[in-house]
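Coordinate inspection notes
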Amino acid sequence: MVGAGPAGLTVGSILRAAGVGCLVLETATREVVEHRPRAGVIEEWAVRGLARRGLARTLLERAQAHTECEFRFAGERYRFGYTGLTGRHHFVYPQQFLVTDLVREYADVRGGEIRFGVRDVRLHGTGSARPAVSYVCPDSGERRVVEADFVAGCDGARGVTRASLPAGRVRLARHDYGVGWLALLAEAPPSSDCVVFGMHPRGFAGHMARSPEVTRYYLQCPPGDSPENWPHERVWAELRERLGAAGAPPLAEGRLIEKRVLDMHSYVVEPMAFGRLFLAGDAAHLTAPIAAKGLNLALHDAFLLGDGLVAALTKGDDSALAGYSDACLARVWDYQEFSQWLAEMYHGTASGDPYRAGAALARLRRLFSSPAAAAEFAERYLGVRTTG
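The following refers to the structure shown. (Residues numbered from 1 in each chain as written. Predicted model: local features only at pLDDT ≥ 70, side-chain atom pairs only at ≥ 80, totals over all residues. Heavy atoms only, no water.)

**Focus: the overall build of the protein chain**
A count of helical and extended segments in the protein chain gives 13 helices and 19 strands. Taking 2.2 N^0.38 as the reference for a compact globule, 388 residues should give roughly 21 Å; the C-alpha atoms of the protein chain span a radius of gyration of 21 Å, in line with that estimate. C-alpha atoms of the protein chain, sized along the principal axes, occupy 60 × 45 × 45 Å. A buried classification covers 54% of the 388 residues belonging to the protein chain. Split by element, the accessible area of the protein chain, about 16200 Å² in all, is 50% carbon and sulfur. Mean positive and mean negative side-chain charge positions of the protein chain (45 and 44 charges, respectively) differ by 1 Å. (Helix = DSSP H or I, 4+ residues; strand = E, 2+ residues; numbered from the N terminus. Rg over C-alpha atoms; globule rule 2.2 N^0.38 Å. Buried < 20%, exposed > 50% of the residue type's maximum accessible area, 1.4 Å probe, protein only. Areas by Shrake-Rupley, 256 points an atom, 1.4 Å probe, with all protein chains shown as cover. Lys, Arg positive; Asp, Glu negative; His and termini not counted. Charge placed at Lys NZ, Arg CZ, Asp CG, Glu CD.)

**Some words on the packing of aromatic side chains**
The final tally for this structure, using the stated rule, is 24 aromatic pairs. Ring centres 5.8 Å apart and planes at 80° place the aromatic pair Phe278 and Tyr324 in the edge-to-face group. Placement of the pair is Phe278 in strand β18 (residues 277-279) and Tyr324 in helix α11 (residues 324-347), with a sequence separation of 46 residues. For the residue pair Phe278 and Tyr324, the accessibility class agrees, reading buried in each case. Both rings, one in Phe377 and one in Tyr381, keep their centres 5.5 Å apart while their planes meet at 15°; by these two values the pair is stacked. Here Tyr381 and Phe377 lie together in helix α13 (residues 371-382), a separation of four residues that amounts to about one turn. By the burial criterion, Phe377 is buried, and Tyr381 matches it. (Phe/Tyr/Trp six-rings, centres within 6.5 Å; stacked < 30°, edge-to-face > 60°.)

**Describing the environment of Asp301**
Inspection of the secondary structure puts Asp301 in helix α9 (residues 294-315). Along the backbone, Asp301 and Tyr324 are 23 residues apart, and their C-alpha atoms lie at a distance of 8.3 Å. Apart from residues lying up to four places away in sequence, Asp301 is in contact with Met272, Ala280, Gly281, His285, Tyr324 and Cys328. At 2.9 Å, the side chain of Asp301 forms a polar contact with the backbone nitrogen of Gly281. (Contact = heavy atoms within 4.5 Å. Polar contact = N/O pair within 3.5 Å; in protein donor to acceptor, adjacent residues only side chain to side chain.)

**Re the sheet that holds β18**
The mixed open sheet is built from three strands, whose spatial order is β11-β18-β17. Here the strands that pair on one side only, and so sit at the sheet edges, are β11 (151-153) and β17 (273-274). As defined by bridge partners, β11 adjoins β18 across three bridges and the pair is classed as parallel. Counted as the bridge partner of Gly153 is Leu279 from β18. (Pairing = 2+ DSSP bridges.)

**Observations regarding the nonpolar core**
Counting 71 residues, the largest nonpolar core has Ile42, Leu59, Leu98 and Leu305 as its most contacted members. Per element, the largest residue contribution to this core is 10 residues, and it comes from α9. One finds Tyr82, Tyr177, Ala183 and Phe204 within the second-largest nonpolar core, a separate group that totals 32 residues. (Core = buried A, V, L, I, M, F, W, Y, C linked by side-chain atoms within 4.5 Å.)

**Notes on the sheet that holds strand β2 (residues 41-43)**
Strand order across the open sheet formed by three strands is β2-β6-β3, with antiparallel pairing between neighbours. At either end of the open sheet lies a strand with only one pairing partner, and these are β2 and β3 (64-66). The average angle at which neighbouring strand axes cross in this sheet is 35°, direction not considered. Inspection of the sheet shows β3 paired to strand β6 (residues 90-92) by three bridges, in the antiparallel sense. (Axes fitted to C-alpha atoms, helices over the stretch in contact; angles between N-to-C directions.)

**Details of the side chain of Ser192**
Tracing the sequence through the fold places Ser192 in the loop between β12 (171-187) and β13 (195-199). By relative accessible area, which is 15% here, Ser192 ends up buried. At 3.2 Å, the side chain of Ser192 and the backbone nitrogen of Cys194 are in polar contact. When near neighbours in sequence (up to four residues on either side) are disregarded, Ser192 contacts Arg79 and His207.

**Considerations on the packing of α9 against α11**
Between α9 and α11, the least distance of the axes is 10 Å, while the angle of their chain directions is 165°. Relative to α11, α9 is oriented roughly antiparallel. Of the two possible hands of crossing, α9 and α11 adopt the one that is right-handed. Every residue of α11 that contacts α9 at Asn296, Leu297, His300, Asp301, Leu304 and Leu305 is listed here: Tyr324, Ala327, Cys328, Arg331, Val332 and Tyr335. Grouping the constituent residues of the contact of α9 with α11 by class yields eight nonpolar, two polar and two charged. (Parallel < 35°, antiparallel > 145°, perpendicular 65-115°, else oblique. Left-handed = near helix turned anticlockwise from the far one by under 90°. Nonpolar A, V, L, I, M, F, W, Y, C, P; charged D, E, K, R; others polar.)

In short, shape yes, function no, at least from these values alone.
Here it is, written out as structure tokens:
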């Protein structure tokens with residue numbers, strides 16, 4: 001497995017539970033991997049999948065269960081109780097906590113091999129029956145070669161595994177949303193007991209609890225904007241304005257411990273496999289954080305890939321691996337389409353186009369006037385019923 005993120009570590013843990021020898025290679029250090037802030041919303045089906053594989057004990061003890069969210073637009077607040085419509089809920093558990101759990105389970109409990117801080121990873125012979133991965137050892141500076149039965153590319157959007165696919169054999173579908181999000185972490189308690197989405201003529205704003213002491217915020221901004229254009233005072237003024245609504249409590253402000261601009265785009269690689277190389281997570285598909293689907297898709301890939309590898313290596317049954325790409329892509333495209341739909345609702349009011357703004361507001365109001373529209377949104381928001 002190339003990459004010690006949620007996908008690679010989950011695949012590795014599944015393999016180790018079946019007694020299969022495996023190796024995880026990671027360019028970052030263990031400390032960096034366990035502390036870099038990422039997504040925090042995990043869908044209930046994904047937590048059940050982790051639990052079935054013995055990977056959710058700490059998560060279930062510490063994660064917050066969320067049952068509703070709040071939309072703010074036109075100066076008003078609208079609560080949306082998705083658990084009442086579906087019987088399901090979200091878990092909020094920062095990705096770095098999950099990665100810490102998975103590293104401990106894979107390496108410390110299940111005895112999986114993992115090498116941190118490797119450099120210049122290269123793939124060799126992925127179309128052959130005996131692929132290999134080489135890397136430069138951080139301690140000796142020597143290049144080492146590891147032969148394997150299979151290679152799992154779980155090294156994210158900028159990793160080497162996706163780039164190793166032959167150009168003429170894959171298709172890359174990409175969509176740019178034309179907006180940026182300023183991603184913020186505030187050393188401040190959450191200002192609401194649920195996720196809050198603010199649709200405002202000045203731009204979208206989002207509020208997501210990460211812990212009792214830390215809150216994630218998003219602010220729509222121009223693509224390519226610089227975090228330096230957003231000093232402390234401007235950030236909090238815009239958050240107050242865009243999340244303001246009748247009866248809303250004041251925001252609990254605090255020191256900003258992270259500021260980075262995310263240009264909203266998505267891509268999908270088809271197929272997600274070539275020979276004995278299988279991609280998982282952001283290496284295969286990037287989903288803009290608009291609908292908080294990226295971590296969930298990575299886990300879905302990992303469950304299918306881990307189980308498929310176990311079947312192939314212990315039973316000689318490669319049917320699941322043969323269908324891996326198609327099975328993953330069904331859910332991937334379902335989530336991509338929902339993210340695109342949601343993006344128009346989030347950003348339409350700030351588009352400067354009266355038609356788009358009016359259509360976005362109509363979409364919002366329909367969630368609170370049509371039981372059918374509300375039920376469909378809740379199911380898709382939670383990933384309850386998908387095509388994959």
